[in-house]
Every structure is written in C-alpha cells, then in structure tokens.
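As a plain string of letters, each chain reads:
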Amino acid sequence: MSTGRLKEIVEYVKSNFTLKNLAITNLELKTKLPVGEYDENTPDDPEKEKMLIQAAREILKKDKLEIE
Amino acid sequence: MSDSKKTNILLMALPGIAIAFVLSYAGYKLSKLHYLLDGFALAIIFGLLVSLLFKKTSLLKVGSAICRDLLIPIGLMLYGAQMNFNKYAGMNISIIINIVICIVSFFIVIMLLNKLFKIPTKTTLLTCGGSAVCGVSAIAVLSPAVDAKEEDTTTALVAILVVGVISVFLTWYVLYPLSKMSVESYKAFVATTLNQTGLVKMAAGFTGDKAIVSGAKVIKYVRTALIVPLMFVIILINSFSGGSKISKYQKKNTLQMGILIGALFFGMALLFSFTGLHQYAKPIKPYYKVIFGMALASIGMSGDLFRLNVKHVVLNTLSALIAWGVVITIYILLLNPIK
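In this text the structure is predicted, and so the values were computed from the model without any measurement.

1. Remarks on the overall build of chain B
When helices and strands are counted, chain B shows 14 helices and zero strands. Principal axes of the C-alpha set define a box for chain B whose edges measure 65 × 50 × 35 Å. If you take every contact in chain B between residues at least 6 apart in sequence, the share linking residues at least 24 apart comes to 82%. Element-wise, carbon and sulfur atoms account for 72% of the exposed surface of chain B, whose accessible area totals about 14500 Å².

2. Thoughts on unusual backbone geometry
In this structure, Lys32(A) takes a positive phi of about 60° despite not being glycine. Checked against the element boundaries, Lys32(A) lands in the loop between helix H2 (20-31) and helix H3 (46-60). Looking at Lys32(A), the relative accessible area reads 70%, which means it is exposed. A positive phi angle, close to 55°, is found at Asp147(B), a residue other than glycine. Tracing the chain through its elements places Asp147(B) in the loop between helix H6 (121-145) and helix H7 (150-179).

3. Observations concerning the packing of helix H1 (residues 5-15) of chain A against helix H12 (residues 248-274) of chain B
In the contact formed by H1(A) and H12(B), the axes pass within 8 Å of each other and the chain directions differ by 40°. By the angle between their axes, H1(A) is oblique relative to H12(B). Where H1(A) crosses over H12(B), the two elements pack in a sense that is left-handed. Contact residues: H1(A) offers Lys7(A), Glu8(A), Glu11(A), Tyr12(A), Lys14(A) and Ser15(A), while H12(B) offers Tyr249(B), Gln250(B), Lys252(B) and Asn253(B).

4. A look at the interface of chain B and chain A
With 26 residues of chain B at the contact, the number on the chain A side is 21 residues. In total, chain B and chain A occlude about 2100 Å² of area from one another, counting both sides; carbon and sulfur atoms represent 53% of this. At the boundary of chain B and chain A, one finds six salt bridges. Lys61(B) is the salt-bridge partner of Glu28(A), the closest N and O atoms lying 3.2 Å from each other. Here chain B and chain A share 13 residue pairs in polar contact (both at pLDDT 80 or more) between them. Broken down by secondary-structure element, the contributors of at least two residues to the side of chain B that touches chain A are helix H1 (3-33), helix H3 (58-81), H7 and H12 of chain B. Per-element accounting of the side of chain B that touches chain A gives the leading share, eight residues, to H3(B). Class assignment of the residues belonging to the side of chain B that touches chain A gives a composition of nine nonpolar, five polar and 12 charged.

5. Focus: H7(B)
Two residues of an α-helix separated by three or four positions point the same way, owing to the 3.6 residues in each turn. In the structure, H7(B) departs most strongly from a straight axis at Thr171(B), where the bend amounts to approximately 45°. Positive backbone phi, at 55°, marks Lys180(B), one or two positions downstream of H7(B).

6. Comments concerning the pattern of salt bridges
Taken as a whole, this structure holds 15 salt bridges over all chains when the rule is applied. Between Glu37(A) and Arg307(B) there is a salt bridge, and its shortest N-O distance comes to 3.3 Å. Of this pair, Glu37(A) sits in the loop between H2 and H3 while Arg307(B) sits in the loop between helix H13 (281-301) and helix H14 (310-335), on two different chains. A single network of salt bridges, built from pairs that share partners, joins Lys7(A), Glu11(A), Lys14(A), Glu40(A), Lys122(B) and Asp147(B).

7. Observations concerning the nonpolar core
Val190(B) and Leu296(B) are the most contacted members of the largest nonpolar core, which has 108 residues in total. Broken down by element, this core gets its largest block of residues, 13 residues, from H6(B). Here Val190(B) is in contact with Thr171(B), Val200(B), Ala203(B), Ala204(B), Ala216(B) and Arg223(B), once residues within four sequence places are set aside. Counting 26 residues, the second-largest nonpolar core is a separate cluster that includes Leu6(A), Ile9(A), Ala55(A) and Ile59(A).

Cut-offs used in this document
Residues numbered from 1 in each chain as written. Chains lettered and ligands numbered in written order. Predicted model: local features only at pLDDT ≥ 70, side-chain atom pairs only at ≥ 80, totals over all residues. Heavy atoms only, no water. Helix = DSSP H or I, 4+ residues; strand = E, 2+ residues; numbered from the N terminus. Contact = heavy atoms within 4.5 Å. Areas by Shrake-Rupley, 256 points an atom, 1.4 Å probe, with all protein chains shown as cover. Buried < 20%, exposed > 50% of the residue type's maximum accessible area, 1.4 Å probe, protein only. Axes fitted to C-alpha atoms, helices over the stretch in contact; angles between N-to-C directions. Parallel < 35°, antiparallel > 145°, perpendicular 65-115°, else oblique. Left-handed = near helix turned anticlockwise from the far one by under 90°. Buried area = accessible area lost by both parts, 1.4 Å probe. Salt bridge = Lys/Arg side-chain N within 4 Å of Asp/Glu carboxyl O. Polar contact = N/O pair within 3.5 Å; in protein donor to acceptor, adjacent residues only side chain to side chain. Nonpolar A, V, L, I, M, F, W, Y, C, P; charged D, E, K, R; others polar. Bend = angle between axes of the 7 residues up to and from the residue. Core = buried A, V, L, I, M, F, W, Y, C linked by side-chain atoms within 4.5 Å.

Structural data, given as structure tokens:
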C-alpha cells in the first residue's frame, strides 16, 4: 500500500503559504479532513487527494498546482 | 486575498487570539504572586484545559494557528533580546562543558529508552529537547522544526511538566542535603540539570540568596542559547529517521523554519548583547513573557488530551525521569564531585 501522498500535498501547501499553521487549519476547515494528523505513513486515498488538491487550489489561488 | 476574506479570517481568529491572551496574561500575573509558579508552564496548562472544554472548535483553531505562526517567531526574538553574551563570556569553561555533557546524556538516555518503549521519534526528540535545554519553550520551538503532530507535542509537554515538578523538589529536599554540595556548586547543578528556567529560579530561590538565583539564571540562559544549534541537530535526526518518505517540501519547510528561528533568536541576542539596545531588555521582558505565553497557550489549546496514547505518555514520562536521574548521577559523581 503506498503512503505519503496526502502528506506531500499538505507540505506543498505549507511551503507556498507564509502562515503554515493557518494553511493547515484552512485545509481542515475546507475539507473537514484531519489534515494535521497526516504523516509519511498515511495511506494514499484518491478521494481525499482530490479534495485536498481542490482546497489547495482555492487557498493558493492557482488553477493548477506543481504537485498535480 | 480580497478584503472581505481577510476580514472574515480576522473575525474567525479573534476569539482564539483573545483566549490565548487571557490565558497567557493570567499565567504571567500568577507567576508574580509566587516564585513556585512558572508563567510559561501555566500558559500551556491553561491552554490544555481550554482544549478539554471547547474540543477545538473552528473559532479556537484559526486564532490558535495564527498565534503559533506569528507569536513563536516574535516571542523568540524577544527571548533572544534577553540574552547578554557579555555576561556569559567570563563564565568558567567547565560549566559550559558540563552543560554540553548533560545535554548529550539526556539525548542518549531518552532516545535509547524510547526506542525500547517504541515511542514515536518526534515525541522522543521533543522530550529530549525539552529535558536537555529549556523545558516547554524548547518544545514550542522544536515542534514546527520536526513537524510534530499535536499528540507528539502534548505527550512531550506532559513529560516535561511532570518531571519538572518531581525534579525540583527532589533536588532541594533530597539531593542538596544528601550531597552536601556547596551553595555555589548547587547553583550550577540546578541550572544544568533542571529543565525549566522557572524551576531553576525556584530551586535556587530555596537558598534564600538572590545572588545564587541570579547566577543560576545566567548559567541557564547559556544552556537555553544552545537550543538553536541543537534544533539543527534534531532536524537532521528527524530527517534521517523519516528516510526517503519525507518529501522535498517537508524538508524545505523544516529547514526554512530552522533558519528563521535561528536568525531571529541569535540575531536579536547579538544585537542586544553588543549594542546600546541592552538597556531595553528589562522593559521588554513583560511583553516577551505575555507574547511567548500566548504562543504556548495556543499550543496547549491545539492539544487534545482525550486522544493521547496513555501508554506512550506514561512511558515517555518515565524515560524523561530516568534520564534526569542518570544526568544528576553523572553530574554529582563525575562532573562536579562533592564540594
């Protein structure tokens, strides 16, 4: 089972946002996912990945992200 | 970001920021009433209690996040302003060597025991940093540097707070009388082995000698200043333990955080040590206490005591306590034979 993709998306958002804890909170509020709990061992999930990518686009105000 | 969105975020953040301020201010004021009370420890404890009551509603989350993002760096800057390298320059080199040996000892013992107890690496690193250098403040600084989860931070905080209380009373009521060390030796001993600056002041304060308290604080500040080089060591250990699973973004984020913290803390420390700005260190101190206290309160508010792994909490606390026992044994028997 592959892992770490969800965490990678979260870290990507953080790396493009000055207030990193606020970025995590924004992601949690938008997706209702426990984003702060994700780590390198969190199993990949295509549905959650889609939700995170969509939320990340809104937060970073980009139509397409480097991480997609 | 549009103005209306910025206003929305600010409105959402206000309750959390206001609560963090109240908790920090309360801790600060209580700490003035009695030297047994440490303002920073109280701020975190109050934050944890609030997290129990409000179960992390979104109103608390946004404010707490902004406090951690902004006030940890600002608090560290103001902490750095309290340093005075001129005072430390004349310090006996053996004290500094003892500090380094004790720091290394804390790390070795806690890491070995926690590997045996199967405690997560990030919890272990935070507990090492908190035990070896400066208690809850170290945990606040190191948490973003190792990308700790809330339970890592809370588990480490519990260990530091529990061991802190046990160690200060054992030091004064058992170790000091049994060891027959001189008051001067006692001063260096408490400053080198107790985890929290407030506890060092407390233990030194038991002697009733203000000069001993003052001297112990100077030694503790030297120990505290080592948080920055130690942070980079911890970032490296954390990177190696994660291996190839750690993404390039995560490495970039933790390194950026480390460099920022180092630059702010040391930058201010150098500025305030070697320019006329040092005269402002004392007037700044209350603001530093409240601002950094807000950051600590918001760390507490983001904790979740119900989700803690009780076994990890107990075992991690035990290893921190054993580590302290090993460090004081090394200190008394090897580093500073009874004087």
